[in-house]
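Chain by chain, the residues run as shown.
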Amino acid sequence: MTAAIETVSQWTSHGGTQGVYKHVSASCQCDMTFSAFVPPQAKSGPCPVLYYLSGLTCTHANVTEKGEFRAAAAKHGIIIVCPDTSPRGAEVPDEDVYFFGTGAGFYVDATESPYERHYNMASYVSDELPGIINSAFPANPDKQSIFGHSMGGHGALVTAMRNPGKYRSVSAFAPICNPSETEWGANAFSKYLGAGQSAWRAWDSLALIEDGGRLDEILVDQGEADEFLESGLRPWLLEEACKTAGIALTLRMQPGYDHSYYFISTFMADHIAWHAERLK
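Rules behind the numbers
Residues numbered from 1 in each chain as written. Predicted model: local features only at pLDDT ≥ 70, side-chain atom pairs only at ≥ 80, totals over all residues. Heavy atoms only, no water. Pairing = 2+ DSSP bridges. Helix = DSSP H or I, 4+ residues; strand = E, 2+ residues; numbered from the N terminus. Axes fitted to C-alpha atoms, helices over the stretch in contact; angles between N-to-C directions. Contact = heavy atoms within 4.5 Å. Phe/Tyr/Trp six-rings, centres within 6.5 Å; stacked < 30°, edge-to-face > 60°. Buried < 20%, exposed > 50% of the residue type's maximum accessible area, 1.4 Å probe, protein only. Lys NZ or Arg CZ within 6 Å of the ring centre and 35° of its normal. 1 Å grid on protein atoms, 1.4 Å probe; cavity = no way out; pocket = protein on both sides within 12 Å on 5 of 7 lines; lining within 4 Å. Points joined across faces, edges and corners; volume = space filled by probe spheres on them. Nonpolar A, V, L, I, M, F, W, Y, C, P; charged D, E, K, R; others polar.

S.K.: Quick question: what am I supposed to make of the sheet that holds strand β9 (residues 248-254) here?
M.R.: Within a sheet, adjacent strands bond to each other through the backbone by hydrogen bonds, running parallel or antiparallel. Taken together, nine strands build an open sheet; the order of strands is β1-β2-β3-β5-β4-β6-β7-β8-β9 and the sheet is mixed. The sheet is open, and its two borders are formed by β1 (5-13) and β9, each paired with just one other strand. Taken over all neighbouring pairs, the strand axes of this sheet differ in orientation by 20° on average, direction set aside. The pairing of strand β2 (residues 16-25) with strand β3 (residues 30-38) spans nine bridges and is antiparallel. Within the sheet, the bridge partner assigned to His23 lies in β3 and is Met32. Sheet contacts for helix α4 (residues 151-162): β4 (47-53), β6 (139-149), β7 (170-173) and β8 (217-223); angle to β6, the most-contacted strand, approximately 140°.

Here it is in structure tokens:
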């Protein structure tokens, strides 16, 4: 059975409905919150769905309030769904650092204690949440795509590669391209997945490509003034991997832009239009 959802808040926007919703998650064993924008075209029939995965420290609210996606979503008739980045609650184990625990689920299914009960964001994003959306919203289950920012860009790439054929398209803003080789990713993976780095390969986009994972094409926007460009993102590694594997990657380096939502909101309409073409 699909979990019952509670409407937290709703607003009319661009002729459609922007809502925030809550439900008890079977995957994460706690309450989970997500936002969903339903465009005006949904009054005439089911619409494609585009899932947006947020980055470290974020909730659903960051992109919902600052991503400036509703005008483009209404223009193209696309439902935009924005989940949280991790389980939350008093019973959910956490650490007092920004790159692990609450706000930093890394879109994996944890295998290590005490995280394996709650930190199952991969299953939540790829299976449980789409089941809810397809059941409770005017969504077309055969037309869905995924994109994200930073940790969420990593999540979008990995989720699409681990679920071949499920998503019509995938794009990212400043993704963590090789998390196993960053402080953020190595710290999270060792605690969620164990010290053995062989288990990390299933959650690292570069390793997945090396091991045969494929996507038809990828769109990536990356700010050249991003403070995490060298230490955490390194899109040139993704470019090299895609070139070797024959994956069509469009990597757009954007002069002057950093890692913030000023950057994301600038190119959000481009990404939605790009996905819309592939969701037709």
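S.K.: Would you mind going over the packing of aromatic side chains with me for this structure?
M.R.: Two numbers describe a pair of aromatic rings. These are the distance of the centres and the angle of the planes. Summed over the entire model, instances satisfying the criterion amount to 18 aromatic pairs. Both rings, one in Phe100 and one in Tyr115, keep their centres 5.1 Å apart while their planes meet at 90°; by these two values the pair is edge-to-face. Taken together, the residues Phe100 in the loop between β5 (79-83) and α3 (121-136) and Tyr115 in the loop between β5 and α3 connect sequence positions 15 residues apart. Considering the side-chain rings of Tyr115 and Tyr192, the 5.8 Å spacing of their centres and the 90° angle between planes classify their relative orientation as edge-to-face. Remark: Tyr192 occurs in helix α5 (residues 183-193) and Tyr115 occurs in the loop between β5 and α3; sequence separation between them is 77 residues. For the pair Tyr115 and Tyr192, a shared accessibility class is recorded, and that class is buried. Of the aromatic side chains, those joined through ring pairs into one cluster are Tyr52, Phe147, Phe173, Tyr257, Phe263 and Phe267. Between Arg162 and the ring centre of Trp203, over which it is positioned, the NZ or CZ distance is 3.6 Å.

S.K.: I tried to follow the layout of surface pockets on my own but got confused; where do I start?
M.R.: Its volume calculated, the largest pocket comes out at about 300 Å³. Taken together, 17 residues line the largest pocket, and the ones lying closest to its centre are Cys58, His149, His259, Ser260 and Tyr261. Contributing elements (two or more residues each) for the lining of the largest pocket: α1 (60-66) and α9 (261-279). In terms of residue count, α9 provides more of the lining of the largest pocket than any other element does, three residues in total. Of the residues contributing to the lining of the largest pocket, the split by class is seven nonpolar, eight polar and two charged.

All quantities given are derived from atomic positions and should not be read as evidence of function.
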